[in-house]
Each structure stands twice: as C-alpha cells, then as structure tokens.
Amino acid sequence: MSSGISTWVFAEELEGKPSDGTLELISKARTFGDVSVFYVGAGSDEAWNALGGHGATAVHHLDPGDTLPSGPAAHALAALVTDADVVLFGAGNTDRDVAGRVAAKLGRPVVSNALDVTVDGGIAVHSEILGGTLGITTAITAEKPALVVTRPKAFTAEPTGGSTPPIEVVGLPDAGRANAASVIERHVEASDGPSLEEASVIVSGGRGLGAADKFEMIHELARLLGGAAGSTRAVVDAGWVPYSYQVGQTGKTVKPSVYIACGISGAMQHIVGMKGSATIIAINKDPDAPIFALADLGIVGDVHNVVPQLIEALKARS
Amino acid sequence: MNIAVCVKQIPDPATPYQLDGENHWVIRPNDQVLDDTDRSGVEIALQLAEATEGTVTLFSMSPSGSLQGIRQALAMGADKAVLIDDETLKGADALTTARVLAAAMTREGFDLVVAGTESTDGYSGVMPQMMSEILDVPCLSFARKVEAGDGSVTIERQTASGYNVVTAPVPALITVTAGIEPRYPTFKGIMQAKSKPVTTFTAADLGVDIESGQTIQSVNPVAARAGGSIVEDDGSAFEAIVELLEQVKVI
Ligand SMILES: Cc1cc2nc3c(=O)[nH]c(=O)nc-3n(C[C@H](O)[C@H](O)[C@H](O)COP(=O)(O)OP(=O)(O)OC[C@H]3O[C@@H](n4cnc5c(N)ncnc54)[C@H](O)[C@@H]3O)c2cc1C
C-alpha cells in the first residue's frame, strides 16, 4: 500500500472542472502516498470535492486570470515541489508547457509518454517508443522530484469518497518575461453528442474522405450508433474539423467498445491513440493500408460507397 | 525580426528504426532527413521574416552527417544554419538539448524562436518549453495560426475544447502544429542551399555541461494487435459491419 512517497499532480481546469485526466492521475498517485494537487483555473467547491473525492490530500490553487498560465504556474510549482518525490502531469498542452519549464528551472529530466510509474526501489517509468512498437522502462536517477508526463487514460479514475481537502491559494508569481503573455480571446468549438473520451462507439474520418463536407456522413453514422465522431490529425490540419476531434499521439487517447476508421491509413501516431479499442473496424480502399493489420474487420472498399450503405442499413433497422 | 527555428534531422521515418544494444539509443545514419513536423515552423518563420525584412536562422543539435535534412530546410529559404555536432551529446535528453540550443541562440541573438510541438522520432514534447524557461521568454505553444507585428506575436493556441488567442511581446518562443502548410523548395532554392553558411559548435564551445538523470533499463517489443478478417467490398460489405455490430451488441 502506501509507501510514503509524496506526489504532486498538475491540474488545469477544463470547462470549469478538473479534467478526467487529473482524476486519473490522482487515483494513481494515492497508491504511492499523499497527493497534493496544483490546480490552475477559476476553481469551485465542485472542483475541490472532485479532487478530494478521488484522493487529493491538499490543493494549491492558482487563478491566472488572463495571464497565459504556463510561466507563472511553473514558477510557483517549482518552488512547491522541492521536497516532493514525484510530480505527475497529463498530456494536455498546458501540462507539457509547465512540465518543461519546471524541469528547466529545477534542472531535472522529464520522462514523457508514461503508461505506468512505479516507486518501489526507485522511481521508474514504463512507456512505449517508436510509435508504440517497443516498451521501455526508464529509471529516473536524478535527484527528486521525478517529473513525469503521462499518456491519457494510462490510469483509471476511481473515487474514494474522500472529503474536501484544505485549499491553499497561490498568488500569481512574477515569472519574469513569461508573465507578459496573455490570453485575449477564448473560443469553444463544441460538438454535440457524447465526448470522445466517454463514447462507447467512435466513428473516425481521415483524409480518405476527400473533402470537408464528406465529414457529415461520419457525424451521421456516429449519431446513429449513439457514438462520437473523431478524426486523424491530417483532417484537423486541413481545417475540416476542430482539434478536439483528433485521436492519436498528439490528440486524444480513446478506448471505446467499437472504433470505426473510415479513410484512415493507420499511421503509427494515429494508432497509439486508438489501439486500445475493444473492436476495430476499418474501411480503406488500399488493401495494404497499415490500419488493416489491427482491424478485427477490414473492408477493402470506397468509403463513399460503404459508409452511405451502412447508414441506410442502420436507418432501416430503427 | 530575427527568427531562430529549431529543426531536427531524423532517420527517414519510412525506414525501420534501430536501437544500439548498449544504451538503447536510436542509431542515426549519415543521411538523415528533415523532420516533417519542422517544415511548418520553417514556413511560418519565412513568412514572418518576409513580412518584417528579417532573417531566418536554423538551429539544430545532431550529428551533421551529410547535412541532407539541414539542406532541405535551407532550400525552403532559411538564410543560414547553426549546428551543434558533438559526439558527447549522443543520447542527450530533452533538457540537455534545450540547454545546448538555448546557449547557441543566446550567442547568435534572436527576436523570436520557432519550434515544432514534438519531434517525430523521440516525441518527448517538452524541449521547446524547457528552452523558453532557459531563455526567460514566454512560450506561446501549439499555435495553429501565427501573426507578428510591432514587437509582438499573436497566435491561435489549440486547447482541449477549441482555441485561445494568445499574445506576447517579443522576445518570445512559439511552437507550431502542422496546420501551417509548408512550401515546397524551388529548384533555385535547392541550388542556393548548397552554399548557404553552416556554422558548427560543440557543447564545450557553448559552455554547456552534459548530465543525464535517466537510464533505460529494459526494452521489450510490444505485442502487436492481431488483425481479423478482411472483406473485399462487392457492394455488400456493409452487411459484415452490421453483423459485427450486432455481435458486439452495439446495435
Ligand atoms: C509528431 C507527430 C504527431 C502526430 N500526431 C498525430 C495524431 O495525434 N493523430 C493522427 O491521426 N495523426 C498524427 N500524426 C500524423 C500521422 O503521421 C498521419 O499523417 C495521419 O494520421 C494521416 O491521416 P490520414 O490517415 O487521415 O491520412 P492519410 O495517411 O493520407 O490516409 C488516407 C487513407 O485514406 C485512404 N483512402 C483514400 N481515398 C479513399 C476512399 N475513397 N475510400 C476509402 N479509403 C480511401 C487511403 O488509402 C489512405 O490509406 C502525427 C505526426 C507526427 C509527425
């Protein structure tokens, strides 16, 4: 059980709440010992309850207002964790910004893409490299704290029913020139239906769809299956769908019951984000597409034929 | 505006990567290519330099080899390159890389640093942020759009739920996603790249100490997921999907 290891978890508020990723990290960290959370955002009683309810024993709260949080958050966090054993970060953009800055400030390495962390007999990180083809274990030999950036869904969030922890307010520190960066507009690019992280069915579209307006059939199929629509980075970069759709190494990691890949080649950076799906179906006109190597059912065919036919068949059933 | 762009030469991603048996580091051949993810950074730097009559300098830490990857970035239009090529930097972690690149940039001077969000071969995804701390500049990360004017830089920063508009005075560092479409080198660009200045430093020249706080203990192949059945579509393949969806009780 508890090995008396003290762990900090970095948390950026997402839509007024701690993210699922934060609750996953706290759930893991409490198996090591005490868990302090460094929370960046407006904060709320609901947020504090969620953190405590997953095992946080203390919360340090920084509200950055309109200052870009990474510089000042790293400055404050670096000062707080000097006696900690482990600091865990999620894979979010701000997580990575703060992890990098804290590391440079403290002169400690960061181990990224962690799928597991062990603390018995020294701190070691398990991760996968080269597109998930090799698993490696890295021992952190530097002085503490060990800084670890984890993959999404590496751990499972499990409530403990714990009470609200004490909240310590952290003032915005002067982090030098980094404080001069500010957020001047915030835009939410919402999609309807369940979120990618929660959906039990995901229908994803890739460049094989050919054009932005063809993405509509991906949405329609997802709706019919009560699922969510996802995508590759290629179509996010092309501006067909927002970044929030992106599945893969630099997007979301998903583990639905069914993942349907439409016009997706199966690049290793995409696969690392969806290979944990229980059942994978792929539709691609190229019989040599790498996605077929991991598909439970592979259809060699044109998405413009197969997907509309599937949609009609599902409509006919309902 | 004088712009420093981080670029990386990597083994061709189309070829299988190999690790050396002793330290488990990626073996780097003499011919390495420009990491595709850096092309967007070079592109945005060229656009900003063109708009402000500035210069674009490439910074790269890697064995020079044939310089193929560096020439590819010079051929896009960058003015010159600064390389740190040093046998003792083999296997350097992200923090050492950041220290080395930051030291070279400080020596050469810059208004804006541009980097990719992560490399294709190592993808630790924290090196630019480490540089920003060492250089004491704001880090405007994950930019899908960049504008610079009057001593400031403004980006659209990708967030989990959309994007934010973020601005900062220069000097600053930005990391760019692949959303910015890179230009193709012209024939003239390729010819000119051959004679553009390339300066090389060692870690000692830059006064950077090399230390490592991590060691790879073990490496094991990850079991590949087994493939299933493949159906050639003859107009009825959708039925196989319906059947499977029924089987797994999604419908
Ligand atoms: C550092 C880094 C990080 C990355 N992160 C991610 C990430 O998080 N997520 C991600 O997805 N990618 C990521 N990528 C990009 C990744 O390498 C691939 O470029 C991308 O996944 C390809 O997307 P795609 O499959 O849509 O396009 P393509 O690779 O172009 O594939 C299109 C496929 O569609 C098929 N096709 C074409 N027409 C049809 C048709 N009519 N019917 C059926 N099939 C058709 C083709 O045969 C082809 O297989 C990353 C890359 C790098 C370097």
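The numbers attached to residues start from 1 for each chain and follow its sequence in the written order. Chains carry letters from A onward and ligands carry numbers from 1 onward, assigned in written order. Restriction of local features to residues with pLDDT of at least 70 applies here, the model being predicted, together with a cutoff of 80 or more for giving and counting side-chain atom pairs; totals for whole chains, interfaces and linings are based on all residues. Side-chain descriptors were evaluated using all non-hydrogen atoms of the structure, hydrogens and water having been removed beforehand.

It is worth spelling out the overall build of chain B at this point. Secondary structure elements follow DSSP: runs of H or I no shorter than four residues count as helices, runs of E no shorter than two count as strands, and numbering proceeds from the N terminus. Helices and strands together make up the secondary structure of chain B, namely 6 helices and 13 strands. Over its C-alpha atoms, taken along the principal directions, chain B stretches across nearly 65 × 45 × 40 Å. Only protein chains enter the accessibility calculation, which uses a 1.4 Å probe; a residue whose area is less than 20% of its type maximum is buried, one above 50% is exposed, and one in between is partly exposed. Within chain B, the fraction of its 251 residues that count as buried is 50%. Here a residue-residue contact requires only that any non-hydrogen atoms of the pair lie within 4.5 Å. By sequence separation, contacts in chain B at least 24 residues apart represent 70% of the contacts at least 6 residues apart. Split by element, the accessible area of chain B, about 10,900 Å² in all, is 50% carbon and sulfur. Only four residue types enter the tally: Lys and Arg on the positive side, Asp and Glu on the negative side; His and the chain ends are excluded. Where a charge sits is defined by one atom per residue type, namely NZ (Lys), CZ (Arg), CG (Asp) or CD (Glu). Across chain B, the centroid of the 17 positively charged side chains sits 4 Å from that of the 34 negatively charged ones. The method behind every accessible area is Shrake-Rupley, applied with a 1.4 Å probe, and residues are considered shielded solely by the protein chains displayed.

One bridge is not enough; two strands pair if DSSP finds at least two bridges between them. Strand order in the open sheet formed by 6 strands is β13(A)-β12(A)-β14(A)-β15(A)-β16(A)-β13(B), with parallel pairing between adjacent strands. Sheet topology places β13 (228-231) of chain A together with β13 (229-232) of chain B at the edges, where each strand pairs with a single neighbour. When strand polarity is set aside, the average angle formed by the axes of neighbouring strands in this sheet is 20°. Bridge count for strand β15 (residues 279-284) of chain A against strand β16 (residues 297-300) of chain A is 4 bridges, and the pairing is parallel. Angles run from 0 to 180 degrees between N-to-C directions of axes, and those axes are lines fitted to C-alpha atoms, restricted for helices to the stretch in contact.

This part takes up the side chain of Glu133 of chain B. Residue placement: Glu133 of chain B occurs in helix α4 (residues 127-135). Here Glu133 of chain B is in contact with Arg101, Ala104 and Lys105 of chain A, once residues within four sequence places are set aside.

Residues and elements named next belong to chain B. Each residue after the first adds 1.5 Å to the expected span of a helix. Counted at 1.5 Å a residue, the expected span for helix α1 (residues 36-52) with its 17 residues is 24 Å, and the 25 Å between its end C-alpha atoms agrees. For α1, the buried fraction is high: 12 of the 17 residues fall into the buried class. For α1, every residue scored as buried is listed here: Thr37, Asp38, Arg39, Ser40, Gly41, Val42, Glu43, Ile44, Ala45, Leu46, Leu48 and Ala49. In protein, a polar contact means a hydrogen-donor-capable atom and an acceptor-capable atom, both N or O and within 3.5 Å, with residues adjacent in sequence counting only if both atoms are side-chain atoms; elsewhere, any N or O pair within 3.5 Å suffices. Where α1 starts, the residue carrying a side-chain oxygen 3.0 Å from the main-chain nitrogen of Thr37 turns out to be Asp35. Backbone geometry just downstream of α1 places Glu53 in the positive-phi region, at approximately 50°.

So, on to the site of the ligand. A cutoff of 4 Å decides nearness: a residue is near a molecule or strand if any of its heavy atoms lies inside that distance of it. Taken together, 29 residues lie near the ligand, and Arg207, Thr232, Thr250, Ser265 and Gln269 of chain A sit nearest. More than one chain reaches the ligand: the nearby residues come from chains A and B. With respect to the ligand, the side chain of Gln269 of chain A contributes an N or O atom lying 2.7 Å from an oxygen atom. Within the side chain of His270 of chain A, a nitrogen or oxygen atom sits 2.9 Å from an oxygen atom of the ligand. When the ligand sits alone it has 990 Å² of accessible area, and the protein chains cover 84% of it. Elements supplying a minimum of two residues to the shell around the ligand: α6 (233-237), α7 (268-271) and α8 (303-317) of chain A. Under this grouping Gly is polar, as are all residues other than the nonpolar Ala, Val, Leu, Ile, Met, Phe, Trp, Tyr, Cys and Pro and the charged Asp, Glu, Lys and Arg. When its residues are assigned to classes, the shell around the ligand shows 5 nonpolar, 18 polar and 6 charged.

Ring pairs shown here join Phe, Tyr and Trp side chains whose ring centres sit within 6.5 Å, with only the six-membered ring taken for Trp; geometry is labelled stacked below 30 degrees between planes, edge-to-face above 60, and tilted in between. Across all of its chains, the model carries 4 aromatic pairs over all chains by this definition. When the centroid spacing of 6.3 Å and the interplanar angle of 25° are considered together, the rings of Phe10 of chain A and Phe38 of chain A count as stacked. Placement of Phe10 of chain A in strand β1 (residues 7-14) and of Phe38 of chain A in strand β3 (residues 35-40) is noted, with a sequence separation of 28 residues between them. Here the aromatic cluster, defined as three or more aromatic residues joined through ring pairs, consists of Phe10, Phe38 and Phe89 of chain A. Our definition puts a charge over a ring when NZ of Lys or CZ of Arg is within 6 Å of the ring centre and also within 35 degrees of the ring normal. The ring of Tyr163 of chain B has Arg144 of chain B lying over it, and the distance from NZ or CZ to the ring centre is 4.1 Å.

Residue and element names in this part refer to chain A. For every domain, the bounds stem from an assignment made automatically or drawn from a database. Per the domain assignment, the segments of chain A are domain 1 (7-179) and domain 2 (201-317). Placing the centre of domain 1 and that of domain 2 at their C-alpha centroids yields a distance of 32 Å. Accessible area, probed at 1.4 Å, shrinks when two parts are joined; the buried area is that loss added up over both. In total, about 730 Å² of surface goes out of reach between domain 1 and domain 2, with carbon and sulfur atoms giving 43% of it. When the buried surface of domain 1 facing domain 2 is broken down by residue, Gly131, Arg151 and Lys153 rank first, second and third, together holding 60% of it.

The interface is formed by 88 residues belonging to chain A together with 77 residues belonging to chain B. Carbon and sulfur atoms make up 56% of the area that chain A and chain B hide from each other, which totals about 6,900 Å². On the chain A side of the interface with chain B, the three residues burying the most area are Arg96, Arg101 and Arg177 of chain A, jointly 10% of the side's total. Among the salt bridges present, the one from Arg157 of chain B reaches Asp97 of chain A, with a minimum N-O distance of 2.9 Å. At the surface where chain A touches chain B, the tally comes to 44 residue pairs in polar contact (both at pLDDT 80 or more). Examining the composition of the side of chain A that touches chain B, we find that 10 residues originate from one element, helix α4 (residues 93-106) of chain A, more than from any other. Classifying every residue of the side of chain A that touches chain B gives 44 nonpolar, 27 polar and 17 charged. As judged from the 4 bridges shared by β16 of chain A and β13 of chain B, these two strands associate in the parallel manner. Just to be clear on terms, a salt bridge is a Lys or Arg side-chain nitrogen sitting within 4 Å of an Asp or Glu carboxyl oxygen.

Overall, the predicted model of chain B reaches an average pLDDT of 95, with 100% of residues at or above 70. The complex model carries a pTM of 0.94, and its ipTM stands at 0.95. Scored between 0 and 100, pLDDT is the confidence that the predictor attaches to each residue.

Our focus in this paragraph is the packing of α8 of chain A against helix α6 (residues 237-247) of chain B. The geometry of α8 of chain A relative to α6 of chain B is characterised by a closest axis approach of 9 Å and an angle of 50° between their N-to-C directions. In terms of orientation, α8 of chain A and α6 of chain B fall into the oblique class. Both α8 of chain A and α6 of chain B take part in a crossing whose hand is right-handed. Facing Val306, Gln309, Leu310, Ala313 and Arg317 of chain A of α8 of chain A, the residues of α6 of chain B in contact are Phe238, Ile241, Val242 and Glu246 of chain B. A breakdown of the residues in the contact of α8 of chain A with α6 of chain B according to their chemical character gives 6 nonpolar, 1 polar and 2 charged. Throughout this description, any angle smaller than 35 degrees is read as roughly parallel, any larger than 145 degrees as roughly antiparallel, any in the 65 to 115 degree range as roughly perpendicular, and the remainder as oblique. A clockwise turn of the near helix away from the far one marks a right-handed crossing, whereas an anticlockwise turn of less than a right angle marks a left-handed crossing.

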